[in-house]
Structures are given as C-alpha cells and as structure tokens.
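Listed below are the residues making up each chain.
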Amino acid sequence: MPNVNKVVIVGGGTAGWMAAAAISKVLSHLAVELVESDEIGTVGVGEATIPTLLFFNKLLGINERDLIRETQATFKLGINFENWQALDKSYFHGFGSTGKDFWAAGFHNFWRRGLDLGISESFSDYCLEAKAALSGRFAQPPKGAKGGLNYAYHMDATRYGQFLRKLAEQQGVKRIEGKVERVTQHPDSGDITAVTLAGGQCVAGDLFIDCSGFRGLLIEQTLKTGYDDWSHWLPCDRAVAVQSSSVTAAAPYTRAIAHDAGWRWAIPLQHRMGNGLVYSAKHLSDDEAVARLLDQIEGDAVSEPRFIRFTTGKRKQQWHKNCVAIGLSAGFIEPLESTSIHLIQQNILKLIKLFPSDEISPLDVAEFNRHADFDYEQIRDFIVLHYHLTERDDSAFWRHCQAMDVPDSLSERLELFAQTGRFFVRNNELFVDSWFQVMIGQGLVPKKYHRVVDEMPERELNGLLQSIAQGLEKQVQAMPTHERYLQYLLDS
Ligand code: FAD
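Not measured: the values here are computed from a predicted model.

Reading the values: the criteria
Residues numbered from 1 in each chain as written. Predicted model: local features only at pLDDT ≥ 70, side-chain atom pairs only at ≥ 80, totals over all residues. Heavy atoms only, no water. Domains from an automatic or database assignment. Contact = heavy atoms within 4.5 Å. Buried area = accessible area lost by both parts, 1.4 Å probe. Salt bridge = Lys/Arg side-chain N within 4 Å of Asp/Glu carboxyl O. Polar contact = N/O pair within 3.5 Å; in protein donor to acceptor, adjacent residues only side chain to side chain. Nonpolar A, V, L, I, M, F, W, Y, C, P; charged D, E, K, R; others polar. Near = heavy atom within 4 Å. Areas by Shrake-Rupley, 256 points an atom, 1.4 Å probe, with all protein chains shown as cover. Helix = DSSP H or I, 4+ residues; strand = E, 2+ residues; numbered from the N terminus.

1. Some points on the domain arrangement of the protein chain
Piece 1. By the assigned domains, the protein chain splits into domain 1 (6-47 + 156-228 + 312-378), domain 2 (94-147 + 394-477) and domain 3 (238-309).
Piece 2. The straight-line distance from the C-alpha centre of domain 1 to that of domain 3 is 29 Å.
Piece 3. Contact residues are listed per partner, giving 11 residues for domain 1 and 13 residues for domain 3.
Piece 4. Summed over both sides, the interface of domain 1 with domain 3 buries roughly 920 Å², with 60% coming from carbon and sulfur.
Piece 5. Area buried by domain 1 at its contact with domain 3 is led by V45, E47 and D156, which between them contribute 45% of it.
Piece 6. At the boundary of domain 1 and domain 3, one finds 2 salt bridges.
Piece 7. Across the salt bridge formed by R272 and D156, the nearest N and O atoms sit 3.2 Å from each other.
Piece 8. On inspection of domain 1 and its partner domain 3, the count reaches 5 residue pairs in polar contact (both at pLDDT 80 or more).
Piece 9. Considered class by class, the residues forming the side of domain 1 that touches domain 3 number 5 nonpolar, 2 polar and 4 charged.

Given below as structure tokens:
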C-alpha cells in the first residue's frame, strides 16, 4: 500500500469544498485535487445549519462578517415545529439549554412538578434562544465577553460552496472540471488508483474522497460497499424545493410545518426565502406536492421547482479501502434537524484525526467507521422521535408513523423518560437538551419527576420558575431585532 501523499476529492458540492478547504488548511503537506462536473451540478439545497458549524468555520479562520455577507446568511436560533404533536400546536427546539439544573435533578423535573401545581409556563419559555427567536430578536455579546446565544446560520448553499472554493484554491487545492467516466482499481487490492474524465484526462491519487452526492460514484458504484436503508423508520423519500421572494423581516429560526404526508421548510435568507416540501411518495404525488408548496409559500417563486429523491440511511462502511465517503455519498438521514452539513464536518474531522501518517491502516479505518455509525445512528433516533411521538391520526402517513416499530435504542429511551423523567446522554452525543425539548414538545410529559424536587417548598419553586422566565424575558427585551442586528453587522 502506498503512503498517502495525494488526495483526490470527487465532487464539488458543499461536502467536496468543505473537505478541500479543511484538509488543505490542516494537512498542508498533502497535494489535494478536486474534480467536479458543471454538467452534473450540485444538489442545490442545504441552507440551514446547527451551531457546530461555528467550530468548523473557526478552524478554517473564516471571518463571520465575510461569511454572512458572501452567503446572504441570517442567524438561526432553532426550529419552530408547527402541527407536529397535533394540528394547530407548535413548540420550539432552541439551540440553548432550558432552565437551570439544581441539586441532583435536571430542570425538567422542577418544571414537571410545576405542571402539577399549575405554576409552570410552556417548556420553551425557559430557553433563552427560543424566547429570543420567537420575539424576532438577536444579539451577540461584546467581543471577549462570555455567554450569549447559541446560534447557527441560514445561508445560500451554492454561495457557501463558492466561498469555500475560493478559500481552498488559495490554500493550493487544484480544481479540475470534468465528468468522471471511469474509475481504475488496483488489480490485487481493489484500491482506487485513478479516475478518468470524459476527454481522457486521468487523475491519480493515493486516497480518494467520494463527495459525488447520492450516486456514491466511488464508495458504491465502484466499491459496492452496501447501504443500510432506514426508510421503514423515516418514511419521507422525496422533496421539492423552490426559492421565493421575502415578504417579511427574516426570522432568526427555521419553520418546520408538518402536513398530512410529511413537512415543509421555510428558511429565511437576507435576499430570499428557501422553501421545500418533504413528503412520502406513497402518500403524496409529485404534482400534489409542488402544487401544495407553491400554494403555501409566502412571496413569489423566484426559481423553478426542483425535485429530489432520496432513501434515508447510510453506507455500511463510510471508509472502505482507500476511499472515504463524505456528504450525501456517505448517507442521508433527512433534513428535519439540518444535520447533514454537521455530518459532513464530522467525517472531515474524523478523517483529519485518523489521517494516515504513511500508509492506510485497517485499524484507523475500523475506528472511523465505528464513530461514523454512531454519529449517524444517534441522529437517526432523534429524527425518528419527531415522527413517532405524535397524536396526529388525521392521515395514513401519521397513523403509520405512530404505529411503526422504532429502533430499540430509541424505544428504551422513550420508555425510561415516560415512566421516570430520566434521560442519559450516550457517549459523545450531538443533541442533549434538544431531546427534552422535542420529547416534551411532541407531548411526552413524564409520569414522575425526581423525588429531590419535593425538598423545595412550593413557594420557592414558584419563585424560581418565575425568576428564570422573567430574567430571560428581560434579556430578550434588551436585544435588538434580528434584522437590525444583521444590518449593524453588515454595515460595521
Ligand atoms: P452534491 O451537492 O450532490 O454534490 C455532488 C458533486 O459531485 C457535484 O459537484 C457533482 O458535480 C459532482 N459529481 C457527481 N458525479 C460526478 C462525476 N461523475 N464526475 C464529476 N463530478 C461528479 N443539509 C443541511 O445541513 N441543512 C439543510 O437544511 C439541508 N436541507 C436539505 C434538503 C434536502 C431536500 C436534501 C436532499 C438535502 C438537504 N441537506 C441539508 C443536505 C445537503 O444538501 C447536503 O448534505 C450538502 O449539500 C452536501 O451535498 P454533497 O456535496 O454531498 O452532494
């Protein structure tokens, strides 16, 4: 096996350019070439992110103001879930934590007792990010000061790719335009040795990163790695996306509005809205989906509707031989919690951490795949939760979601929480407080709370709950509107 000195990335979507920018920055001794096809293009969606992206951008030395300007970004404090638990009910999943932890018990135990006593507000009233978002406000603390809101961005996916391309090329990445038509493998090891483009150009390398999107040109079409299909747990398999003009001030949150066969997203950017309808083809036709989307968007459509088909799941091995899959080629859960870009980033960081010093070690490969499986499976469970825990029975789609079997790893957690109010974080899980927000938001209120809460006199508990909610309200009222803050940032 040769030493790894040259990396070839196939694909120039968000995944390809994120990988190119990060690897050329951190592993600057490598030669990095990226092949992309203008004719094929990119998937063209993926505009909502989660806070972990800030870490990735920091690693790349990206200036936030430049990013916001170049990608027409807005701030995102969470997601408003509408009609998920039941029609006309909504809840907010904010990026921060809810309440404060006291003694041995988490805040939700105090909140739960407050419910019995009739003194608790809705759970999200104790989350700063949720309150700020729903009031349309946003601010960052002064430079150097601690605290502040946990946030992410809504951004134009195509512009983000271009932004990263500029960065990667400045760091020495060579871009090659062309369509890969042939993949050559080593006759003994099966490792990929080169890709050949239409026109005959041959691009050889030691390690190949498959960022070719759903087709998985290297990891699947060539190496036949196999796919874990999760569509029995995640029934949506299509989306139609359209951009529209903005008619109201950009809200600092994504809207996820459930309908009778899936859900719709509304993502506000500075200059336009991103919209999409996610649905199950078994329960809604493409024609009905696009008609529904066009009918429900605010403003006028400014792009042609784009249909996307997908199968939720993941590659059985995301690193196989000398090929690492990153992005849609590695798997796709579905966009409900905007986790795909995060998973791209996770695979890039894992690859950097396990990057071969000389030749590829099977131990590194196994370690990478173990972590990748965990990263995907814990997010899968979190997303399945949104569909399964519902009171909706107004359509065949929701009746299926309610009745379906869910992974054991999820059902055990739900049962424990329902019976006892207990919930434990596993390994290095991405979502922590979010589980409480979504379980409670979807209507799962635990039967019991921790007994230690009864040690607190009722008057004290009332004062505590009130002081948290009022303190947050005061903080929110002191913030400028999201629009004003964005303008200030862009002007400064
Ligand atoms: P693509 O964008 O498909 O790029 C593939 C690249 O490979 C292209 O450059 C293409 O030209 C190239 N290529 C393919 N075949 C060849 C060939 N033969 N030769 C040369 N080049 C080739 N993620 C989020 O984080 N937040 C969201 O809100 C979100 N929303 C989504 C909504 C939907 C409906 C879908 C489907 C996805 C969403 N995602 C979201 C996921 C996100 O879009 C992707 O993770 C992200 O865009 C990365 O895509 P990619 O780069 O892997 O693939």
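2. Considerations on the site of the ligand
Piece 1. Neighbouring residues of the ligand: 35 residues in total, closest G12, V45, A48, V180 and I341.
Piece 2. Here an oxygen atom of the ligand sits 3.5 Å away from a polar atom, N or O, in the main chain of G13.
Piece 3. At 2.9 Å from an oxygen atom of the ligand is found a main-chain nitrogen or oxygen belonging to L328.
Piece 4. Protein contacts shield 97% of the accessible area of the ligand, which totals 1,000 Å² for the unbound molecule.
Piece 5. Within the residue set of the shell around the ligand, elements represented by two or more residues are α1 (14-26) and α8 (340-353).
Piece 6. Per-element tally for the shell around the ligand: the top contributor is α8, with 3 residues.
Piece 7. For the shell around the ligand, the residue count by class is 17 nonpolar, 14 polar and 4 charged.
Piece 8. Each of domain 1 (6-47 + 156-228 + 312-378) and domain 3 (238-309) gives at least three residues to the shell around the ligand.

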